[in-house]
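Each chain, letter by letter, is given below.
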Amino acid sequence: MPEFDVVDLGPADHPDTGESAPDFTRPLVTDEFWEDRTLSELVGEDGGGQTIVVFTPMIGSFVGTYVWEELRDRDWADRADRVVGVTASTPYAVSEFITETDAPFDLFADPANDVADAYGISHDLDGMAGVSEPRVAFFAIDDEMTITASWVATDWPEFPEYDELEAEFGF
Amino acid sequence: MSDTTSDVGDTTTGHEAPITFYRLQACPYCERVARLLEAYELEYQSRFVEPLHSKRDVVKRVAGVRTVPVIVDEQTGVTMAESANIVDYLESTYGSGDSSSSETETGAAAGGDD
């Protein structure tokens, strides 16, 4: 194995299973437009069920690209009731990304990174003053906004074992 | 609704608003419609589209054109493009009749859209 260093972010102070997922309103970007949407309303649509909220670093990072391409290739859009992303990027960048990668997911645009802050998974970027972004993180929530399972990166970069994650999320 | 501990953002926004408003950021014709919607205190949901006409398939599908503004009013079943037409529609449908607060510059009413 080649030696290389990853950045140790340590454990995050995020809400755990059984706790309420912080609610938020942000522009939700589809492949055609964006509009303000509220998570707590979104999770109740189409009979409710399970919503997976996926946080990735900002659009343009390889980390975000890899995560979304993996979820696309694993057909998460069909296997989960609902998958939405959150990234610290503008709606314009998110829109272009969705088109380019054929991601069958809608992503919340949160340029100020406040949502990641509320979830306790924000981190500052060394060498990019004034910029913060989310860690890679997955939260499964039910239609009552209760967290039923989660995975949060402790390194940067770090990706989950997707097979294990799918088992934990029940699909 | 659950007792969420931390709310980010102060508005609750879903699909309940009766008017859907397709708009483009910093488009003066769109802002004109926005001002009127607000003046009449109408509930609306903004949908922002991109500058490139070729990327506005949703507007084309909804209204038959690629220009914005476009409004879809579920209360009346009206879908309408072109700001001057929309302003006329909003004034005649929701205006109090004697209101002069909305638009005074009639000469600009025929302006084009983005």
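In the annotation of an unreviewed UniProt entry, the entry for chain B reads Glutaredoxin, and the organism field reads Natrialba magadii.

Per an unreviewed UniProt entry, chain A goes by Alkyl hydroperoxide reductase/ thiol specific antioxidant/ Mal allergen and derives from Natrialba magadii.

Participant: So what's going on with the overall build of chain A? Residues and values would help.
Facilitator: Summing up its helical and strand segments, chain A has 6 helices and 11 strands in all. Sorting the 171 residues of chain A into buried and exposed places 53% on the buried side. Residue pairs in contact within chain A that sit at least 24 positions apart in sequence constitute 65% of those at least 6 positions apart. Taken as two groups, the 7 positive and 40 negative side-chain charges of chain A have centres that lie 4 Å from each other.

Participant: Kindly report on the interface of chain B and chain A, identifying the contributing residues and their values.
Facilitator: On the chain A side, the residues contacting the 26 residues of chain B number 24 residues. Between chain B and chain A lies a buried interface of about 2100 Å² when both sides are counted; carbon and sulfur atoms form 47% of it. The interface formed by chain B and chain A holds 2 salt bridges in total. Notably, a salt bridge pairs Arg 47 of chain B with Glu 35 of chain A, separated by 2.9 Å at the nearest N-O pair. Secondary-structure elements contributing two or more residues to the side of chain B that touches chain A are β1 (7-8), β3 (44-49) and α2 (57-63) of chain B. With 5 residues, the single largest contributor to the side of chain B that touches chain A is β3 of chain B. Class assignment of the residues belonging to the side of chain B that touches chain A gives a composition of 6 nonpolar, 12 polar and 8 charged. Bridge analysis of strand β2 (residues 23-29) of chain A against β1 of chain B gives 2 bridges, and the strand direction is parallel. Across the sheet, Asp 23 of chain A pairs through a bridge with Asp 7 of chain B, a residue of β1 of chain B.

Participant: Tell me about the environment of Trp 68 of chain A, residues and numbers included.
Facilitator: All names here are of chain A. With respect to the helices and strands, Trp 68 occurs in helix α2 (residues 62-73). Residue classification places Trp 68 among the buried positions, given a relative accessible area of 1%. Each C-alpha atom, one on Trp 68 and one on Pro 104, is 9.2 Å from the other, the two residues being 36 residues apart in sequence. Non-local contacts of Trp 68, meaning those with residues more than four positions away in its chain, are made with Val 54, Thr 56, Val 83, Val 84, Gly 85, Phe 97, Phe 105 and Leu 107.

Participant: Can you lay out the pairing of β3 of chain B for me, pointing to particular residues and giving the numbers?
Facilitator: All names here are of chain B. Here strand β2 (residues 19-24) runs beside β3; their pairing, made up of 6 bridges, is parallel. Bridged to Tyr 22 within β3 is Arg 47. A crossover connection joins β2 to the parallel β3 through helix α1 (residues 28-39); in handedness this β-α-β unit is right-handed.

Participant: Let's hear about the pattern of salt bridges: which residues, and what values?
Facilitator: All names here are of chain A. A full pass over the atoms with the stated rule returns 13 salt bridges over all chains. Arg 37 serves as the salt-bridge partner of Glu 45, at 2.6 Å between the closest nitrogen and oxygen. What makes Arg 37 buried here is its relative accessible area of 4%. When the shortest N-O distance is used, the salt bridge between Asp 73 and Arg 72 registers 3.0 Å.

Participant: Which residues make up α2 of chain A, and what are the values?
Facilitator: All names here are of chain A. Under the 1.5 Å per step criterion, the end-to-end length of α2 is 16 Å for 12 residues, consistent within 8% with the ideal 16 Å. Within α2 the residues assigned to the buried category are Val 63, Gly 64, Val 67, Trp 68 and Leu 71. Seen from one end, α2 has its buried residues packed into an arc of 120 degrees, which puts them on one side.

Participant: Which residues make up unusual backbone geometry, and what are the values?
Facilitator: In this structure, Pro 157 of chain A follows Trp 156 of chain A across a cis peptide bond, with omega equal to 5 degrees. Following the sequence through the fold, Pro 157 of chain A ends up in the loop between β11 (155-156) and α6 (162-169). Positive phi is not limited to glycine here, since Asp 102 of chain A has a value of about 55 degrees. With respect to the element layout, Asp 102 of chain A can be found in the loop between α4 (91-101) and β6 (106-109). Its relative accessible area of 60% is what places Asp 102 of chain A among the exposed residues. At Ala 26 of chain B, a position not held by glycine, the phi torsion is positive, near 65 degrees. Within the fold, Ala 26 of chain B resides in the loop between β2 and α1.

Participant: Give a detailed account of the confidence of the model for chain B, specifying residues and quantitative values.
Facilitator: Residue and element names in this part refer to chain B. When pLDDT is averaged along chain B, the result is 84, and 75% of the positions lie at 70 or above. A low-confidence stretch, residues 99-110 (pLDDT under 50), is modelled with 12 contacts involving residues beyond four sequence positions or located in other chains. Both scores are given for the predicted complex: the pTM is 0.87, the ipTM 0.85.

Conventions used here
Residues numbered from 1 in each chain as written. Chains lettered and ligands numbered in written order. Predicted model: local features only at pLDDT ≥ 70, side-chain atom pairs only at ≥ 80, totals over all residues. Heavy atoms only, no water. Helix = DSSP H or I, 4+ residues; strand = E, 2+ residues; numbered from the N terminus. Buried < 20%, exposed > 50% of the residue type's maximum accessible area, 1.4 Å probe, protein only. Contact = heavy atoms within 4.5 Å. Lys, Arg positive; Asp, Glu negative; His and termini not counted. Charge placed at Lys NZ, Arg CZ, Asp CG, Glu CD. Buried area = accessible area lost by both parts, 1.4 Å probe. Salt bridge = Lys/Arg side-chain N within 4 Å of Asp/Glu carboxyl O. Nonpolar A, V, L, I, M, F, W, Y, C, P; charged D, E, K, R; others polar. Pairing = 2+ DSSP bridges. Right-handed = clockwise from strand over helix to strand, strands pointing away. Expected span 1.5 Å × (residues − 1). Arc of directions from axis to C-beta. pLDDT = per-residue confidence, 0-100.

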